[in-house]
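Residue strings, one per chain:
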Amino acid sequence: MAAYDDENIFAKILRGEIPCFKVYEDEHSLAFLDIMPRATGHTLVIPKVRATDLTDIATDDLGALMGTVQTLAPKIRDALGADGFMIQQFNGAGAGQTVFHLHIHIIPRRAGESLKPHGTRMEDKDVLAKTAETLTAALSA
Ligand code: AMP
């Protein structure tokens with residue numbers, strides 16, 4: 001595994017150097033919309049610690065991250081009227097990882113709806129902004 005690169009895009013988002021559609025933040029983690037969603041409401045949850053992938057994070061920090069995922073995922077499902085949610089997480093380029101700061105995908109699922117391909121089609125910014133507004137309200141409640 002390559003060393004953590006502080007110039008990766010999620011590190012820049014964490015430092016506020018580039019914008020994101022933020023939906024939630026706590027002392028351990030940040031959650032924002034995937035700009036190429038596989039389904040409406042596709043959210044990424046990242047730890048604030050430097051970690052390339054699942055093998056590169058202390059157990060306590062991973063526990064805190066997954067605690068946030070466990071709290072957010074059903075709220076995202078319910079806020080968007082989805083039927084369920086899927087969790088995805090990629091480790092290594094060969095496994096499909098494209099951003100090398102650990103992240104957990106929360107993907108709301110609706111019965112009968114096919115998933116869009118992973119990371120291929122940029123969503124309209126107005127759609128992302130509206131979804132972020134809905135989720136920010138739901139996740140702060
Ligand atoms: P992975 O293959 O798990 O590394 O996925 C990285 C994800 O990050 C993909 O689903 C991309 O659509 C998403 N992504 C890439 N750049 C950004 C960005 N600037 N803001 C939000 N999501 C992004």
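Right, let's walk through the structure included here. (Residues numbered from 1 in each chain as written. Predicted model: local features only at pLDDT ≥ 70, side-chain atom pairs only at ≥ 80, totals over all residues. Heavy atoms only, no water.)

Take the packing of aromatic side chains next. Remark: the centre distance and the inter-plane angle together describe each pair of aromatic rings, the angle taken between the planes. Applying the stated rule across the entire model yields one aromatic pair. Relative to Phe32, the ring of Phe10 lies with its centre 5.2 Å away and its plane at 75°, an arrangement referred to as edge-to-face. Residue Phe10 is located in helix α1 (residues 9–14), and its partner Phe32 is located in strand β2 (residues 29–33); the two are separated by 22 residues in the primary sequence. Each member of the pair, Phe10 together with Phe32, is buried. (Phe/Tyr/Trp six-rings, centres within 6.5 Å; stacked < 30°, edge-to-face > 60°. Helix = DSSP H or I, 4+ residues; strand = E, 2+ residues; numbered from the N terminus. Buried < 20%, exposed > 50% of the residue type's maximum accessible area, 1.4 Å probe, protein only.)

Turning next to the site of the ligand. Near the ligand you find 17 residues, and of these Asp34, Gly96, Thr98, His103 and His118 are the closest. Note that an oxygen atom of the ligand is positioned 2.8 Å from one of the side-chain N or O atoms of His105. If the ligand stood free it would expose 510 Å²; the protein chains cover 93% of that surface. Among the elements of the structure, α1 and β2 are those that each provide at least two residues to the shell around the ligand. Tallied by class, the residues present in the shell around the ligand amount to nine nonpolar, seven polar and one charged. (Near = heavy atom within 4 Å. Polar contact = N/O pair within 3.5 Å; in protein donor to acceptor, adjacent residues only side chain to side chain. Areas by Shrake-Rupley, 256 points an atom, 1.4 Å probe, with all protein chains shown as cover. Nonpolar A, V, L, I, M, F, W, Y, C, P; charged D, E, K, R; others polar.)

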